[in-house]
Amino acid sequence: MPQSLLILFFTFFSTLNVVGESEYLVSNPYAKEKERVVRLAEEYTTFKPITVTAEQSPRSAGGIHDFYSEGDYWWPDPSNPSGPYIQRDGLTNPDNFTAHREAMIQFSQISGALASAYLVTNKVKYVQALAPHLKAWFINEETKMNPSLLYAQAIKGKVTGRGIGIIDTIHLMEVAKAIEAVENSGVIPKSEIQQMKDWFGSYLEWMTTHPYGIDERDHGNNHSVCWTMQAAVFAKLVGNQEVLDFCKEMYKNVLLPDQMDDDGSFPLELKRTKPYGYSLFTLDAMATLCQVFAEETKSLFQYQTSDGKSLERGIAFLFPYVKDKNSWPYEKDVMFWEEWPVRHPFLLFGGIAYEKENYLQLWNQLESDFDTPEVVRNMPVRFPLLWVSEKELNRQHPLPITNDQLQQFISAGSISYKDFGAMGDGETDDMDAIVATHEFANEHGLNVKADDMATYYLGGAGKTAIIQTNTDFGSASFVIDDRAVQNRTAPIFLVSSKLQSYPLEGISTLKRNQEKLEVTFPEPSLITVTNSNKKQYIRFGLNQNIGASQTDIFLVDTKGNVDMNTPIIWDFEEITDITVLPIDEKVLNIKGGKFTTIANQEESKYNYYSRNISIKRSNVMVDGLEHRIIGEGDQGAPYGGFLNISNCTNVTVQNTILTGHKTYQTIGNAGKPVSMGSYDISVSRALNVSFINCSQTNDIDDPTYWGIMGSNYCKNLLYDHCTLSRFDAHMGVANATIRNSTMGHMGINAIGSGTLLVENTTIRGRSVINLRSDYGSTWQGAFIIRDCTFIPNGGKPYSASLINGYNSGQHDFGYTCYMPKKITFENLKIEDSNHPEGYQGPAIFHNFNPENSDASYQEKFPYVITKEVVLDNVTTSSGKELRLSENPYMFRTVKVVTK
């Protein structure tokens, strides 16, 4: 997942406020850091280079170009002052030679500040000031340092140098990062940049091959971590993939499993005399190592061992003790206890990787400029702006929203994602900027307009942008990456109302077709009622279940009158929940936008993804949206509709292009294989929802793709001038109309009540209307099919039936099942010329129950058969006569009227 400093910027705000600049600089970490590095850089522009050649210790066995340091915790022996030093762990000897370390630390700070200032200002003067220092350390023959550490961490009277001295060069890491930051500035010749890289390449070879380097690598505790951290940083600078790969494996197979305990602590550091400081140091080094590989698809931040050890666990262990040092349950450090904690990089890198706002907030609050030598020497990262990509650092970072800017926005009436830092380059994750844009728009009543031709990449973070104002996606594209998702149930956009639902008191029962509630309402409202003690839609078949609570949804006016176009369709003898949702009177418009989902490839089980546009507000118009799907593999978890419309009324989707999802196989509730797929349109508990001039990108007759639309508990659904593979009403629709449309291979599937009107439409499914057998093939009302063409099975050889379904009469669905009382076919053309051998002509009714073929069959739950079928100008291209059914006994009471 792309790492973005913008994550850092916005996670500090639950909502954006209009602020003054001084307050903004305090609260915004990027602004604070920019101010800090420019301030430091201005100071450092006057500094002259100081390298290891400036001062030499008489105790050093090396030459003038060799780095020299002494073991921190080694002291003169009181019993033998001129003899070999003795160890006092954790206690730093103030008389040690530290000039080379101090020079390297100063070099690191100068490099970090100047390079960071260049990145945030693009002023070449900072690179010009940095160049002499880089040349002095790595190029100039008189002043450069040898690329080795033969004489570091020496101990008087014992050794002239040790492998553990390699830990001193952690301060060259931000020098390496500075070179990366400025190498394309044009200030330093490429030949000199290459000489600097050659120096690091030589040092990397030494530390990976010399016995000292191997000793440090295998030392254990923080030394092994720091060796690996440095090797990775230097290898990335010089492009040594072999060492980079080794460092990754070292982290996964050695450092993490060997040094971390099950609770996330570091036992090797806890047993030291400075357990707190060394625990912080080790975690900082591990986090910095992981940050080197942060841009890779399989990030080390996400890696965990088979027994659950991970950087995330380590940060979770230490974070409480950074937040409150006094809660530290172990021994206090023997020295420098008061100087910790400071602004630790594990809080920054971990906060970004795991999107932990509390980590980032604490990092922002801690001290960034510290001068205690012990703290400085154990702090690998002091300039965070060097550790994110150049592209992200060069983006337009959000500025404080001043009152003048707010007035400009209000005058324009709209804001854009760019105003809040969105990159729109198709690579940088722009979700935080989009969320922040809509938060600000909602607060100030402003419309939102996407930037023309931008491509917004939306990664797997579980965040949702709330839309409460008109939004024009225009020509912009949105790439929704579902390959690594933190919260699959979080929609990308949620279209919501500012009006709040509330419980309705005083209503304990309801009657079917009841016309009035004896309650008044402040505004027209949507009523949702439930009786959880009564189960309906008790599903039959391979995905059988125990049913759902009795549910209904309808509209009332301010006087409590029920809108009889959305009638109460059930008798509620008991009500366990009834809520009121006021209806927004003003239409909210959502226009344009080209959305592409990179599909998940999880196991094909019913773990539904909701990474979609969820509409939960009444009176919404969606116009001109496009949705496509790429990256579907051999398996995948299903989606709950890219357009998911629920708990609302009066929603229109027009001029919209959608895409069918692949069909997969899974095991159903009955333990047998079933087909499984995703609807790109899902409608649930919604009234008066219309789809006008909508189509889909893939072939509506391709059976390898699932049907486009499914619905539950809806009333008054409309398709008009649509070309789509499916209309499907699962748990009931009251009244539906399909007109001027073409229906593909999965056809029209429904159960419900009221009138289902199909008009001036071409149906290419296996029947004109399929009554879903898993819910009892029930429709309490009428079918009207007028001026339509039926092409059975898309023109493939097929024995056609006009009305399909199945009901054995032996299963309790939780309600009485009906066939439509009256079915009217008016001007129906049946294109059945391509039929199988032995075809006897189309049937009005499929064989709904082959066993119900004589009077001996007894139904436990009687199925109410159609009363009348009207045939007015029904023709077949085959010339075959229309039959009643292959099971005429079951339909013997149906009155067929031919006009």
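Residues numbered from 1 in each chain as written. Predicted model: local features only at pLDDT ≥ 70, side-chain atom pairs only at ≥ 80, totals over all residues. Heavy atoms only, no water.

Student: Tell me what's going on with the overall build of the protein chain, and back it up with residues and numbers.
Tutor: A count of helices and strands for the protein chain gives 19 helices and 38 strands. Projected onto the principal axes, the alpha-carbon positions of the protein chain cover approximately 120 × 60 × 55 Å. A buried classification covers 57% of the 899 residues belonging to the protein chain. For the protein chain, contacts bridging at least 24 residues in sequence account for 75% of all contacts bridging at least 6. Both charge centroids of the protein chain, one from 79 positive and one from 106 negative side chains, sit 4 Å from each other. (Helix = DSSP H or I, 4+ residues; strand = E, 2+ residues; numbered from the N terminus. Buried < 20%, exposed > 50% of the residue type's maximum accessible area, 1.4 Å probe, protein only. Contact = heavy atoms within 4.5 Å. Lys, Arg positive; Asp, Glu negative; His and termini not counted. Charge placed at Lys NZ, Arg CZ, Asp CG, Glu CD.)

Student: Any chance you could break down the pairing of strand E28 (residues 742-750) for me, citing the residues and the numbers?
Tutor: Burial runs high along E28: eight of the nine residues are buried. Sheet analysis places strand E27 (residues 723-739) next to E28, joined by five bridges and oriented parallel. Along E28, the bridge assignment pairs threonine 723 with threonine 742. The sheet contact formed by E28 and strand E30 (residues 762-763) spans two bridges and is parallel. (Pairing = 2+ DSSP bridges.)

Student: Outline the packing of aromatic side chains, supporting the account with residue identities and numerical values.
Tutor: All told, the structure shown has 49 aromatic pairs when counted by the stated rule. On the numbers, 5.7 Å between centres and 55 degrees between planes, the contact of phenylalanine 107 with phenylalanine 138 is tilted. Taken together, the residues span a long stretch of sequence, with phenylalanine 107 in helix H4 (residues 99-121) and phenylalanine 138 in helix H5 (residues 125-138) at a distance of 31 residues. Side by side, phenylalanine 107 and phenylalanine 138 carry an identical accessibility label, which is buried. A centroid spacing of 4.9 Å and a plane angle of 45 degrees characterise the contact between phenylalanine 319 and tyrosine 359, whose relative ring orientation is tilted. Note that phenylalanine 319 is positioned in helix H13 (residues 311-323) and tyrosine 359 in helix H15 (residues 357-365), a separation of 40 residues in sequence. Pair check on accessibility: phenylalanine 319 and tyrosine 359 agree, each one buried. Members of the aromatic cluster, each reached through a chain of ring pairs, are Phe107, Trp137, Phe138, Trp199, Phe200, Tyr203, Trp206 and Phe234. (Phe/Tyr/Trp six-rings, centres within 6.5 Å; stacked < 30°, edge-to-face > 60°.)

Student: Describe in detail the sheet that holds strand E15 (residues 577-582), supporting the description with residues and values.
Tutor: Pairing within the open sheet is antiparallel, and its four strands lie in the order E12-E15-E13-E14. Of all the strands in the sheet, just strand E12 (502-503) and strand E14 (548-556) have a single pairing partner and so form its edges.

Student: So what's going on with the side chain of threonine 471? Which residues, and what values?
Tutor: Tracing the backbone shows threonine 471 in strand E10 (residues 471-481). Looking at threonine 471, its side chain comes within polar contact range of the main-chain oxygen of threonine 469, at 3.1 Å. Setting aside residues no more than four positions away along its own chain, threonine 471 makes contact with Tyr417, His438, Val448, Asn589, Ile590 and Lys591. (Polar contact = N/O pair within 3.5 Å; in protein donor to acceptor, adjacent residues only side chain to side chain.)

Student: Requested: an account of helix H14 (residues 345-354), with residues and values cited.
Tutor: Within H14, 10 of the 10 residues are buried, leaving the element largely enclosed by the surrounding structure. Buried residues of H14: Pro345, Phe346, Leu347, Leu348, Phe349, Gly350, Gly351, Ile352, Ala353 and Tyr354, and no others.

Student: Describe the pairing of strand E33 (residues 801-804), listing the residues and the values that go with them.
Tutor: When strand E31 (residues 769-771) meets E33, the two strands line up parallel, connected through two bridges. Across the sheet, asparagine 770 pairs through a bridge with asparagine 804, a residue of E33. As paired strands, E33 and strand E35 (residues 843-845) are joined by two bridges and run parallel to one another. When the bridges of E35 are listed, isoleucine 803 appears paired with phenylalanine 845.

Student: Explain the nonpolar core to me, and be specific about the residues and the numbers.
Tutor: For soluble globular proteins, nonpolar side chains are generally found buried alongside one another. With 122 residues, the main nonpolar core has Phe478 and Phe493 as its most contacted residues. Ranked by residues supplied to this core, first place goes to E27 with eight residues. Residues in contact with phenylalanine 478, not counting those within four places in the same chain, are Tyr417, Ile434, Ala450, Tyr456, Leu458, Phe473, Phe493, Lys594, Phe595 and Thr596. One finds Leu134, Leu172, Leu283 and Leu366 within the second-largest nonpolar core, a separate group that totals 119 residues. (Core = buried A, V, L, I, M, F, W, Y, C linked by side-chain atoms within 4.5 Å.)

Student: Describe in detail the packing of H5 against helix H7 (residues 190-209), supporting the description with residues and values.
Tutor: Taken N-terminus to C-terminus, the directions of H5 and H7 make an angle of 45 degrees; their axes are 10 Å apart at the nearest point. It follows from the interaxial angle that H5 and H7 lie oblique. For the crossing formed where H5 meets H7, the hand is left-handed. Here Leu134, Lys135, Trp137 and Phe138 of H5 come into contact with H7, specifically with Glu192, Met196, Trp199 and Phe200. A breakdown of the residues in the contact of H5 with H7 according to their chemical character gives six nonpolar, no polar and two charged. (Axes fitted to C-alpha atoms, helices over the stretch in contact; angles between N-to-C directions. Parallel < 35°, antiparallel > 145°, perpendicular 65-115°, else oblique. Left-handed = near helix turned anticlockwise from the far one by under 90°. Nonpolar A, V, L, I, M, F, W, Y, C, P; charged D, E, K, R; others polar.)

Student: Run through the packing of helix H6 (residues 173-182) against helix H9 (residues 221-238), naming residues and quoting values.
Tutor: Geometrically, a packed helix pair is captured by the angle between its two axes and the distance between the axes. Put simply, H6 and H9 touch, their axes get as near as 10 Å, and they point 20 degrees apart. Classified by the angle between their axes, H6 and H9 sit roughly parallel to one another. Helix-helix and strand crossings are classified by hand; for H6 and H9 the assignment is left-handed. Taking contact as the criterion, the partners of Met173, Ala176, Lys177, Ile179 and Glu180 in H6 are, on H9, Met229, Gln230, Val233, Phe234, Lys236 and Leu237. Among the residues making up the contact of H6 with H9, the classes are represented as seven nonpolar, one polar and three charged.

Student: Kindly report on unusual backbone geometry, identifying the contributing residues and their values.
Tutor: Residue proline 341 is bonded to the preceding tryptophan 340 through a cis peptide linkage, with omega at -5 degrees. Note on placement: proline 341 falls in the loop between H13 and H14.

Student: Hey, could you go over the side chain of aspartate 552 for me, with residue numbers and the actual values?
Tutor: You can see aspartate 552 is positioned in strand E14. Engagement of the side chain of aspartate 552 in a polar contact is seen with the backbone nitrogen of isoleucine 569, the distance being 2.8 Å. Looking at aspartate 552, its side chain comes within polar contact range of the side chain of lysine 715, at 2.8 Å. Excluding its chain neighbours within four sequence positions, the residues that come into contact with aspartate 552 are Ile527, Thr528, Val529, Pro567, Ile568, Ile569, Trp570, Phe572 and Lys715.

Student: Any details on the environment of threonine 893? Residues and values, ideally.
Tutor: The residue threonine 893 is located in the loop between strand E37 (883-885) and strand E38 (895-898) in this model. Measuring from C-alpha to C-alpha, the distance between threonine 893 and leucine 366 comes to 84 Å, with 527 residues separating the pair along the chain.

Student: Quick rundown of H13? Include the residues and the values.
Tutor: Taking 1.5 Å per residue, 13 residues should reach 18 Å; H13 reaches 18 Å between its end C-alpha atoms and fits that length. Taken as a whole, H13 carries its principal kink of about 30 degrees at phenylalanine 317; the proline proline 320 stands between one and four residues after it. Residues of H13 that are buried: Leu311, Gly314, Ile315, Phe317, Leu318, Phe319, Tyr321 and Val322. Among the structural elements, helix H10 (241-259), helix H12 (275-292), H14 and H15 are those in contact with the buried residues of H13. (Expected span 1.5 Å × (residues − 1). Bend = angle between axes of the 7 residues up to and from the residue.)

Student: Break down the state of the cysteines for me, with residues and values.
Tutor: A complete count under the given rule lists zero disulfides for this structure. Not part of a disulfide, cysteine 694 finds its nearest cysteine sulfur in cysteine 722, a span of 4.5 Å. Unpaired in this structure, cysteine 817 has its nearest cysteine sulfur neighbour in cysteine 714, at a distance of 19 Å. Classification of cysteine 817 by relative accessible area gives buried; the value is 5%. (Disulfide = S-S within 2.5 Å.)

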